[in-house]
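One letter stands for each residue in the lines below.
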Amino acid sequence: MFIEHLQLKNYRNYESLALDFSPKINVFIGENAQGKTNVMESIYVLAMAKSHRTSNDKELIRWEADYGKIEGVVQNRYSSFPMELSITKKGKKGKVNHLEQTKLSNYIGQMNVVMFAPEDLNVVKGSPQIRRRFIDMEIGQISATYLHELLTFQKLLKQRNHLLKINQGKHQIDDVLFAIYTEQYIHSAVQIIRKRFHFVELIQEWAETIHSGISRGLEKLVIKYRPPSGLDSDWTEEQMATYLEQKLAEVKKRELERGVTLVGPHRDDLQFIVNGYDVQTYGSQGQQRTTALSLKLAEIELIKKETKEAPILLLDDVLSELDDYRQSHLLNTIQGEVQTFVTTTSVDGIHHETIQHAKMFHVKQGEIESS
């Protein structure tokens, strides 16, 4: 899979921009704050209908413009088709092959991307919320049903939290209504938890092998999904539901005191373990970077396996963050198979034939010239 053409209208610092890409490697060169990352971000937003940099869609619209638009022509193994995402202050609308998608969850997954940016180190060393977002975004690309289930769960969580909030500090609650909300919430939570367990098992297979290769066989990476409620991946849906019901009953008093739901997938986490030690807590910066890189390369392999298409890889200012060995391992992995976009201030320190044959785009003050 690759993107042939990109067109921006009122996006970030670009009033109008049209670019044609190589199906192999595309490198954007320029000083910082010139607009390189905005192009990279626009490809990600076209695919995922949300930014990796902000949760406020209004920031994507050019200053003083009423709307922004991203258009692309995507080639997969079957055909070439247009995609379009319009962004207004009221929301977003997506089109695939000129047909408007009634739900963005139906839109996502038409074009698969893997983004690797300096902030992706936070998947390893940041907060549980970042890791949950990573899981949700990646499963969403390969499973449209997961996005529907996630939206349902978030709606039920909001309803249950609202009921707890309006009864906060009380000793009693409308048990009939609360029981109905809780039953629906548990059913939805179990679906999310089971999908997350399965995803982590799949990505572990790829990441362990890749990490061993990057570390020259000196390190073993283990990825664990950590539901704080203590659920086990081997349990049936009924066993999980019974356990969650018990846990929620145990914390009901505390939930009424605090006005929020205290047990469920909205509090889960991922743990990365190298040679028996938690990388977030005890890993060196090099181990954390290797773990993040292994995770991203594993994403590529998993998407290829599940969709039968290689995703598009977006490397936003990360090659300079990697030493020569990790650089070479990354570029050797993608060579000739994955359409790749690279942003950098200079290619002088990147000694790899893949970069030498890339299509170059020079970015300066929002103007882009290709060579």
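Every value quoted in this text rests on a predicted model; they were computed, and no experiment measured them.

Let's talk about the pairing of strand β13 (residues 340-344)
In summary, the side chains of a regular strand alternate between the two faces of the sheet.
Inference 1: Extensive coverage of β13 is indicated by the burial of 5 of its 5 residues.
Inference 2: With 5 bridges connecting them, strand β3 (residues 25-29) and β13 associate as parallel partners. Considered in β13, the bridge of I29 is made with T344.
Inference 3: For strand β12 (residues 312-316) and β13, the ladder comprises 4 bridges, and the chain directions are parallel. Its bridge partner being in β13, L315 is matched across the sheet by V342.
Inference 4: A crossover connection joins β12 to the parallel β13 through helix α11 (residues 324-334); in handedness this β-α-β unit is right-handed.

Quick word on the environment of L313
Inference 1: Inspection of the secondary structure assignment puts L313 in strand β12.
Inference 2: By relative accessible area, which is 2% here, L313 ends up buried.
Inference 3: Measuring from C-alpha to C-alpha, the distance between L313 and A358 comes to 14 Å, with 45 residues separating the pair along the chain.
Inference 4: Those residues in contact with L313 that sit more than four places away from it in its chain are V114, I300, L330, I334, V338, Q339, T340 and F341.

Topic: the pattern of salt bridges
Inference 1: Taken as a whole, this structure holds 17 salt bridges when the rule is applied.
Inference 2: With a shortest N-O distance of 3.4 Å, E149 and K195 are connected by a salt bridge. Taken together, the residues E149 in helix α5 (residues 144-166) and K195 in helix α6 (residues 175-214) connect sequence positions 46 residues apart.
Inference 3: The exposure class assigned to K195 is partly exposed, which follows from its relative accessible area of 26%.

A look at the pairing of strand β4 (residues 67-75)
Inference 1: Only one face of β4 is covered, namely the face carrying G68, I70, G72 and V74; the face carrying Y67, K69, E71, V73 and Q75 is uncovered.
Inference 2: The sheet contact formed by β4 and strand β5 (residues 80-88) spans 9 bridges and is antiparallel. Within β5, the residue paired with G68 across the bridge is I87.
Inference 3: With antiparallel pairing between neighbouring strands as the criterion, β4 and β5 make up a hairpin whose turn holds 4 residues.

Notes on the UniProt feature "binding site: ATP" (unreviewed entry) in the protein chain
Inference 1: The feature "binding site: ATP" (unreviewed entry), as given by UniProt, occupies G30, E31, N32, A33, Q34, G35, K36 and T37 in the numbering adopted here.
Inference 2: Here N32 shows up in the loop between β3 and α1 (36-48).
Inference 3: Taking relative accessible area as the criterion, N32 reaches 55% and is therefore assigned exposed.
Inference 4: By secondary structure assignment, the location of A33 is in the loop between β3 and α1.
Inference 5: Taking the relative accessible area as the measure of exposure, A33 reaches 81% and is therefore exposed.

Brief notes about the packing of aromatic side chains
One pair of aromatic rings is described through two measures. These are the centre distance and the angle between the planes.
Inference 1: In total, this model carries 9 aromatic pairs according to the counting rule given.
Inference 2: Consider the rings of F21 and F361, whose centres lie 5.8 Å apart with planes at 70°: the pair is edge-to-face. One end of the pair, F21, is in the loop between β2 (14-20) and β3; the other, F361, is in strand β14 (residues 359-364), and 340 residues separate them in sequence.
Inference 3: One aromatic cluster is present, built from ring pairs that chain together F21, F28, F341 and F361.
Inference 4: In this arrangement the basic side chain of R216 is found over the ring face of Y325, its NZ or CZ atom lying 3.5 Å from the centre.

Concerning the domain arrangement of the protein chain
Inference 1: In terms of domains, the protein chain is made up of domain 1 (1-112 + 309-370) and domain 2 (123-307).
Inference 2: Computed from C-alpha atoms alone, the centre-to-centre distance between domain 1 and domain 2 is 28 Å.
Inference 3: Facing the 27 residues of domain 1 at the interface are 21 residues of domain 2.
Inference 4: Between domain 1 and domain 2, roughly 2,100 Å² of surface is buried when both sides are summed, and carbon and sulfur atoms account for 60% of that area.
Inference 5: Of all residues in domain 1, S105, Y325 and R326 bury the most surface against domain 2, accounting for 25% of the area lost on that side.
Inference 6: For the pair domain 1 and domain 2, the number of links is 1 salt bridge.

Overview of α5
Inference 1: The end-to-end C-alpha distance of α5, which contains 23 residues, comes to 34 Å, matching closely the 33 Å that a straight helix rising 1.5 Å per residue would cover.
Inference 2: Taken as a whole, α5 has its buried residues at Y146, L147, L150, F153, L156, L157, R160, L163 and L164.

Side note on the sheet that holds strand β9 (residues 221-226)
Inference 1: Spatially, β9-β10-β11 is the arrangement adopted by the 3 strands of the open sheet, whose pairing is antiparallel. The strands lining the two open edges of the sheet, one partner per strand, are β9 and β11 (277-278).
Inference 2: The strands touched by helix α10 (residues 285-307) within the sheet are β9 and β10 (269-274), with β10 carrying the most contacts at an inclination of about 120°.

Calculation rules
- Residues numbered from 1 in each chain as written.
- Predicted model: local features only at pLDDT ≥ 70, side-chain atom pairs only at ≥ 80, totals over all residues.
- Heavy atoms only, no water.
- Buried < 20%, exposed > 50% of the residue type's maximum accessible area, 1.4 Å probe, protein only.
- Helix = DSSP H or I, 4+ residues; strand = E, 2+ residues; numbered from the N terminus.
- Pairing = 2+ DSSP bridges.
- Right-handed = clockwise from strand over helix to strand, strands pointing away.
- Contact = heavy atoms within 4.5 Å.
- Salt bridge = Lys/Arg side-chain N within 4 Å of Asp/Glu carboxyl O.
- UniProt positions renumbered as here; feature names shortened; annotations may be inferred.
- Phe/Tyr/Trp six-rings, centres within 6.5 Å; stacked < 30°, edge-to-face > 60°.
- Lys NZ or Arg CZ within 6 Å of the ring centre and 35° of its normal.
- Domains from an automatic or database assignment.
- Buried area = accessible area lost by both parts, 1.4 Å probe.
- Expected span 1.5 Å × (residues − 1).
- Axes fitted to C-alpha atoms, helices over the stretch in contact; angles between N-to-C directions.

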